[in-house]
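Examining the three-dimensional arrangement
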Amino acid sequence: MKPSLPKGTRDFGPLQIRKRNYIFDIIKDTFETYGYQPIETPAMEKLETLMGKYGDEGDQLLFKVLNNGDFLSKADQDALSAQDSNKLLPSISKRGLRYDLTVPFARFLSMNRNDLPRIFKRYQIQPVWRADRPQKGRFQEFYQCDADVAGSDSLVYETELMEIYDRVFDKLGIEVTIRVNHRKILAAIAELAGLGNQFIAFTTALDKWDKIGKEGFDGELKKLGCEDGAIEKTLDVITKGYENGKVKQVLESTSAGAEAVKEINQLNKLGAFDGLANKAKIDLTLARGLTYYTGLVFEVEGKNTGLGSLGGGGRYDDLTGIFDYPDISGVGISFGAERIFETLEAQNGFPEFSASSSRVLFMPFDEESLLYSYNWCTQLRNAGIPSEVYPSPDKLKKQFRYAEQIQVPKVALVGEKERTSNVVGLKDQKTGEQRDVELEELMELLK
RNA sequence: GUGGCUAUAGCUCAGUUGGUUAGAGCACCAGAUUGUGGUUCUGGGGGUCGUGGGUUCAAAUCCCAUUAGCCACCCCA
């Protein structure tokens, strides 16, 4: 049988795992620095937990897990004979793979509300699954790294989440722009355009601004039935940008806009835009698709990556309402591990890694030397020094070949000569230098 | 879900207007080389040409169907 993988999934080799861990460790350490606590949730959730949370399109993209056992006899026979997949689904599948980390977090929070601190800061780094068509930088199984705060509407958390974005990308050496906007500003602009009652349609159109530009957006507004005068006003506000004094005035003339401006002022006071290594700016064209955002929204864009966003997030007022746990405000951000990986790969941004962690490989010339080598190796291991032995006295060509394959930095050659004088011939694989060393010195050198 | 491109050795690919035994590089194995590899040289194994059908004296090559992968759109990380 010819081996292959399901669509949109990948294996990770040793070197890739080291590179991925490098990214995850930086993100994790930064989350920890800000006091976020780790949780994990199952790959599978009940389908009822997942369905209806991501819109119709999201429901389509959910992986459903077929029930075990004789699922056909228990299936909805009417739906089955009518070939109605949507109606059939609940009777043949009760579980699905998680689509993101936010909904499982909301479920977790609701279930454990009594055991968690009043304000809960959690992070979670796990794979999620989407039955999307794979393409460049997009997979059906991919990792998200989320940090969320539940139980407080303080802008302190928006501030620290922006700082976390900044720190992580600074440490990774990726230059980014942190785009910030407020859903209530969007509401104010939608009102301005006379599209207050078509808010979602308005935001999806606005979200395309980057791609279709001012003219394209003009057309989208017309399609939505926006009048010429209103279009002009709307385009004027968006092109002039938030920092323009007149624009601020216009926004403040609506109650939603006034609230948003107040929050952004507060964010400024907290220093969210100060002392960052990367650029952060209010961008009126940032919309973010997810419908549950209600306050500030963020998106991180790499410079010239052509990969879309490297992460995003925002404030959602009623995170857990659907799980009978009302009035919990949340704010969170997500890092897209795959795109960060591709960005670093493209700019050669990873440190050098070896596939193996071994610092030395023992190479025995004869059976007697193999035992001698294993004995030395054990002593290194007991001292916490990663090391290994080539398992048979093969030709040196073969042994060196293996040393190269595992990218071990040093080899210890052992033959009769070395044994009798109680040393090994320690050779540096890069420089080719070689000299005899005793066990104690070997340990010192490899520490 | 919509559109486009591709499918030949483990990997990357060549293969002329349809023509005799389908090739290269990399990788793998062995030897040149029984205490010092990475270079070089020699030899070797490995293919139902994605699958099914059709046209033809003859198909990797042309036609139809089908499956899978990639790219773009929608949406997203």
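Quantities reported herein were computed from a predicted structural model and do not represent experimental measurements.

Calculation criteria
Along each chain, residues carry numbers from 1 onward, in the same order as the chain's sequence is written. Ligands are numbered from 1 and chains lettered from A, in the order in which they are written. A pLDDT threshold of at least 70 governs which residues receive local features in this predicted model, and a stricter bar of 80 or more applies before side-chain atom pairs are shown or counted, although totals over entire chains, interfaces and linings include all residues. Hydrogens and water are ignored here; the side-chain numbers use all heavy atoms of the structure. Note on conventions: DSSP H or I runs of at least 4 residues are helices, E runs of at least 2 residues are strands, and numbering of each starts at the N terminus. Here the globule rule reads 2.2 Å times residues to the power 0.38, and the radius of gyration is calculated from C-alpha atoms. Whether two residues are in contact is decided by their heavy atoms: any pair within 4.5 Å suffices. The sign given to each residue is positive for Lys and Arg and negative for Asp and Glu; His and the chain ends receive no count. Charged side chains are reduced to one point each, which is NZ for Lys, CZ for Arg, CG for Asp and CD for Glu. When accessible area is computed with a 1.4 Å probe and restricted to protein chains, residues below 20% of their type maximum are described as buried, those above 50% as exposed, and intermediate ones as partly exposed. One bridge is not enough; two strands pair if DSSP finds at least two bridges between them. These domain limits were set by an automatic method or by a database of domain assignments. The axes are straight lines fitted to the C-alpha atoms, using for helices just the contacting stretch, and the angles between their N-to-C directions are given from 0 to 180°. Note on terminology: angles under 35 degrees are roughly parallel, angles over 145 are roughly antiparallel, angles of 65 to 115 are roughly perpendicular, and the others are oblique. Under the grouping applied here, Gly and all other residues not named as nonpolar or charged are polar, the nonpolar ones being Ala, Val, Leu, Ile, Met, Phe, Trp, Tyr, Cys and Pro and the charged ones Asp, Glu, Lys and Arg. Ring pairs are drawn from Phe, Tyr and Trp, using the six-membered ring of Trp, whenever the two centres fall within 6.5 Å, and their geometry is named by plane angle: stacked under 30 degrees, edge-to-face over 60, tilted for the rest. Proximity is defined per residue: any heavy atom of the residue falling within 4 Å of a molecule or strand makes that residue near it. The definition of a polar contact used here is a pair of N or O atoms within 3.5 Å, where within protein one atom must be able to donate a hydrogen and the other to accept one, and adjacent residues in sequence count solely through side-chain atom pairs. Values of pLDDT, ranging from 0 to 100, describe the predictor's confidence in every residue of the model. Within this document, salt bridges are pairs made up of a side-chain nitrogen of Lys or Arg and a carboxyl oxygen of Asp or Glu, the two lying within 4 Å of each other. Within the patch definition used here, like charges are joined within 9 Å and nonpolar side chains (Val, Leu, Ile, Met, Phe, Trp, Tyr) within 5 Å, considering only residues with over 30% relative accessible area and no salt bridge. Areas reported here follow the Shrake-Rupley algorithm with a probe of radius 1.4 Å; residue values treat only the protein chains shown as occluding. To define a nonpolar core, start from buried Ala, Val, Leu, Ile, Met, Phe, Trp, Tyr and Cys residues and group those joined through side-chain atoms within 4.5 Å.

**Quick word on the overall build of chain A**
Across its full length, chain A carries 18 helices and 16 strands. Against the compact-globule benchmark of 22 Å for 447 residues, chain A has a radius of gyration of 29 Å, which places it well outside the compact range. Taking the principal axes of the C-alpha coordinates as reference, chain A spans close to 95 × 65 × 45 Å. Long-range contacts, defined here as pairs at least 24 residues apart, represent 69% of the contacts in chain A between residues at least 6 apart. Averaging the positions of the 59 positive and the 68 negative side-chain charges in chain A gives two centres separated by 2 Å.

**Points about the side chain of Ser387**
By the secondary structure assignment, Ser387 is in strand β13 (residues 387-389). Every residue in contact with Ser387, bar those within four places of it in the chain, is listed here: Ser358, Val360, Cys377, Leu380 and Arg381.

**Examining the pairing of strand β11 (residues 330-336)**
Burial runs high along β11: six of the seven residues are buried. Pairing of strand β6 (residues 141-150) with β11 involves seven bridges; the strand directions are antiparallel. Each residue of the ladder has a partner; that of Asp148, found in β11, is Gly332. The pairing of strand β10 (residues 309-316) with β11 spans six bridges and is antiparallel.

**A word on the domain arrangement of chain A**
Interface size is commonly expressed as the accessible surface area that is lost when the partners come together. Domain boundaries assigned for chain A yield domain 1 (14-346) and domain 2 (360-446). One C-alpha centre belongs to domain 1, the other to domain 2, and the line joining them spans 52 Å.

**Quick look at the packing of helix α9 (residues 199-207) against helix α10 (residues 209-223)**
The interhelical angle for the contact between α9 and α10, taken along N-to-C directions, is 135°, at an axis separation of 8 Å. The angle between the axes of α9 and α10 places the two elements in the oblique class. Only Trp209, Asp210, Phe217, Glu220 and Leu221 of α10 make contact with α9, whose side of the interface consists of Phe202, Ala205, Leu206 and Asp207. When the residues that make up the contact of α9 with α10 are grouped by side-chain class, the tally is six nonpolar, no polar and three charged.

**Let's talk about the packing of aromatic side chains**
Inspection of the entire model under this criterion finds 18 aromatic pairs. Judged by centre distance (6.0 Å) and plane angle (65°), the ring pair of Tyr22 and Phe350 falls under edge-to-face. With Tyr22 in helix α1 (residues 14-33) and Phe350 in the loop between α14 (337-346) and β12 (360-364), the pair connects residues that are 328 residues apart, well separated along the chain. Overall, Phe350 belongs to the buried group, its relative accessible area being 13%.

**Digging into the protein's contact with RNA strand B**
Neighbouring RNA strand B are 42 residues, the closest being Arg130, Arg138, Arg339, Arg401 and Glu418. For RNA strand B, the fraction of protein-proximal atoms (within 4 Å) that sit in sugar or phosphate groups is 41%. A distance of 3.5 Å separates a phosphate oxygen of RNA strand B from a polar backbone atom of Lys7. In the environment of RNA strand B, a base oxygen lies 2.9 Å from a nitrogen or oxygen atom belonging to the backbone of Lys417. The set of elements that each furnish at least two residues to the surface near RNA strand B consists of β6, β10, α14, α16 (396-405) and α17 (416-420). Its residues assigned to classes, the surface near RNA strand B comprises nine nonpolar, twelve polar and 21 charged.

**Regarding the confidence of the model for chain A**
Do not read the fine detail of predicted coordinates wherever pLDDT is low. Residues at a pLDDT of 70 or more form 98% of chain A, whose mean pLDDT is 90. Per-residue pLDDT, averaged within each element of chain A, yields its smallest value for α10 (81) and its largest for strand β1 (residues 37-38) (97).

**Points about the environment of Ile119**
You can see Ile119 is positioned in the loop between α6 (102-111) and β5 (120-129). With 34 residues separating them along the chain, Ile119 and Asp153 place their C-alpha atoms 9.9 Å apart. Contacts of Ile119, omitting those with residues within four sequence positions, involve Val149, Ala150, Gly151, Ser152 and Tyr157.

**Thoughts on the environment of Gln347**
Looking at the element boundaries, Gln347 is found in the loop between α14 and β12. Residue Gln347 is classed as partly exposed on the basis of its relative accessible area of 38%. Spatially, the C-alpha atoms of Gln347 and Met51 are 39 Å apart, while their sequence positions differ by 296 residues. Discounting residues that sit within four places of it in the chain, Gln347 has contacts with Gly173 and Ile174. Polar side-chain contacts of Gln347 include one of 2.9 Å to the backbone oxygen of Gly173.

**Considering the pattern of salt bridges**
Counted under the stated rule, the structure contains 20 salt bridges. Asp132 serves as the salt-bridge partner of Arg138, at 2.5 Å between the closest nitrogen and oxygen. The class of Arg138 is partly exposed, set by a relative accessible area of 31%. Between Lys410 and Asp428 there is a salt bridge, with the nearest N and O atoms lying 3.6 Å from each other.

**Brief notes about a positive patch on the surface**
Together, Lys395, Lys397, Lys398 and Arg401 make up a positively charged patch on the protein surface. The topology assignment puts Lys397 in helix α16. With relative accessibility at 67%, the residue Lys397 sits in the exposed group.

**Observations concerning the nonpolar core**
Core analysis: the largest hydrophobic core is formed by 70 residues, its most contacted members being Tyr36, Phe169, Leu172, Phe335 and Ile340. Excluding its chain neighbours within four sequence positions, the residues that come into contact with Ile340 are Ile23, Ile27, Phe169, Leu172, Ile174, Leu310 and Phe335.

**Observations regarding the environment of Ser253**
Along the chain, Ser253 turns up in the loop between α12 (245-252) and α13 (255-269). Expressed as a C-alpha distance, the spacing of Ser253 and Cys226, which sit 27 residues apart in the sequence, is 20 Å. Of the polar contacts made by the side chain of Ser253, one reaches the backbone oxygen of Val250; its length is 2.4 Å.

**Observations regarding α14**
Those residues of α14 that fall on the buried side of the exposure criterion are Ala337, Glu338, Ile340, Phe341, Thr343 and Leu344. In the stretch just after α14, Asn348 is the one whose phi turns positive, near 55°.

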